[in-house]
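# A structural walkthrough
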Amino acid sequence: MEPDLHELLRSLRVWDPDVTELPPFEPDEAPEEPLTLFVRWFAEVVAAGQTEPHTVALATTDEDGLPDVRTVMLHGADANGWSFASHATSRKGRQLGARPYAALGFYWPAQGRQIRLRGPVTVASAAQSQADLHARSTGALAAALVGHQSDVLPSYEELERASDAAWDRARREPDAQAPTWTLYRLRPEEVEFFQGDARRRHVRLTYRRVDDDWIKELLWP
């Protein structure tokens, strides 16, 4: 018997207290810029046991302005922006090449928290992109060496052959170059911090960049 989607949906609970603890959040005590708060929340959710908190939804638009979204890994966050990486020839890379503006969305159910960012995206230098790749695992390098990301794959066997060859090369040449591998940085113009509340009095604090300053505002949930 096929599962009933609607029955499954009705059976689920949001923020089950057995696995979720909703911490208090006082927006009046928030720092004057969002990076400090992001690092603080990230450390807290890691301590709370959130699995893979460094994964983030990346939204882009194509040449026709149509949206696209996928999950990527956060590579860092500093004064230059929030960093992620991909092949410049991938679908997301081509979209960012045509429209260098994107949004990121973190969701951390262990604490009922979300963080949303949007802003222009810039490309790091080739040297920085390769350094980013080589700071990662052998598997990450092997995957980058396979290439062809987002291209049509004729058969899974072809992927197996290419992957085996890439793994062999990555082990032999840990400094092997993947020329299309690109480090991207999103410099946010707006950052929203969402703290869930059991009584649905969710706290939404947004930072908006105005020149070199940030304006903080509360939003209705």
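Higher on the page you've got the structure.
What counts and what doesn't
Residues numbered from 1 in each chain as written. Predicted model: local features only at pLDDT ≥ 70, side-chain atom pairs only at ≥ 80, totals over all residues. Heavy atoms only, no water. Axes fitted to C-alpha atoms, helices over the stretch in contact; angles between N-to-C directions. Helix = DSSP H or I, 4+ residues; strand = E, 2+ residues; numbered from the N terminus. Parallel < 35°, antiparallel > 145°, perpendicular 65-115°, else oblique. Left-handed = near helix turned anticlockwise from the far one by under 90°. Contact = heavy atoms within 4.5 Å. Nonpolar A, V, L, I, M, F, W, Y, C, P; charged D, E, K, R; others polar. Salt bridge = Lys/Arg side-chain N within 4 Å of Asp/Glu carboxyl O. Buried < 20%, exposed > 50% of the residue type's maximum accessible area, 1.4 Å probe, protein only. Phe/Tyr/Trp six-rings, centres within 6.5 Å; stacked < 30°, edge-to-face > 60°. Lys NZ or Arg CZ within 6 Å of the ring centre and 35° of its normal. Core = buried A, V, L, I, M, F, W, Y, C linked by side-chain atoms within 4.5 Å.

We now examine the packing of helix α5 (residues 138–146) against helix α6 (residues 156–172). Put simply, α5 and α6 touch, their axes get as near as 8 Å, and they point 125° apart. Between α5 and α6, the angle is such that the two are oblique. For the pair α5 and α6, the sense of crossing is right-handed. Of the residues in α6, those in contact with Thr138, Gly139, Leu141, Ala142, Leu145 and Val146 of α5 are Leu159, Ala162, Ser163, Ala166, Trp167, Arg169, Ala170 and Arg171. Each residue belonging to the contact of α5 with α6 can be placed in one class, and the counts come to nine nonpolar, three polar and two charged.

Within this structure, the stated rule accounts for 11 salt bridges. Across the pair Glu44 and Arg113 runs a salt bridge whose closest N-O atoms are separated by 2.7 Å. Taken together, the positions of Glu44 in helix α2 (residues 34–47) and Arg113 in strand β6 (residues 113–123) put the pair 69 residues apart, joining distant regions of the chain. By relative accessible area, which is 32% here, Glu44 ends up partly exposed. For Arg113, a relative accessible area of 2% translates into the label buried. A salt bridge links Arg171 to Asp168; its shortest N-O distance comes to 3.9 Å. Of this pair, Arg171 and Asp168 both sit in helix α6, separated by three residues, roughly a single helical turn. Take Arg171: its relative accessible area is 55%, and that puts it in the exposed class. Among the charged side chains, a network of salt bridges with common partners joins Asp68, Arg70 and Arg91.

Looking now at the packing of aromatic side chains. Aromatic ring pairs are reported here in terms of the distance separating the ring centres and the angle at which the planes meet. One pass over the structure, following the stated rule, counts 11 aromatic pairs. With a centroid separation of 5.6 Å and 20° between ring planes, the pair formed by Phe84 and Tyr184 is classed as stacked. One end of the pair, Phe84, is in strand β4 (residues 81–87); the other, Tyr184, is in strand β7 (residues 181–186), with 100 residues separating them in the sequence. Each member of the pair, Phe84 together with Tyr184, is buried. Site record: aromatic cluster; members linked through ring pairs are Phe25, Trp41, Phe193, Tyr207 and Trp214. Directly above the ring of Trp41 sits Arg113, whose terminal nitrogen or CZ lies 3.9 Å from the centroid.

Let's shift gears to the nonpolar core. Judged by nonpolar contacts, the single largest core of 28 residues is most densely connected at Phe84, Phe106 and Ile115. Put simply, the parts of the chain that give this core at least two residues each are α2, β1 (55–61), β4, β5 (101–108), β6, β7, β8 (190–195) and β9 (203–210). Among the elements that take part in this core, α2 stands out by supplying five residues, more than any other. Residues in contact with Ile115, not counting those within four places in the same chain, are Phe38, Trp41, Leu104, Gly105, Phe106, Trp108, Val191, Glu192 and Phe193. Formed by 14 residues, the second largest nonpolar core is a distinct cluster that contains Ala170, Ala176, Ala178 and Trp181.

Right, let's talk about the side chain of Gln130 for a bit. Its place among the elements puts Gln130 in helix α4 (residues 126–134). Those residues in contact with Gln130 that sit more than four places away from it in its chain are Ala176, Gln177, Ala178, Pro179 and Trp181.

Once that is clear, we can look at unusual backbone geometry. Here Ser150, not a glycine, exhibits a phi torsion of approximately 80°, which is positive. If you trace the backbone, Ser150 turns up in the loop between α5 and α6. Residue Ser150 is classed as partly exposed on the basis of its relative accessible area of 42%. Here Arg200, not a glycine, exhibits a phi torsion of approximately 65°, which is positive.

Keep in mind these values describe shape, not function.
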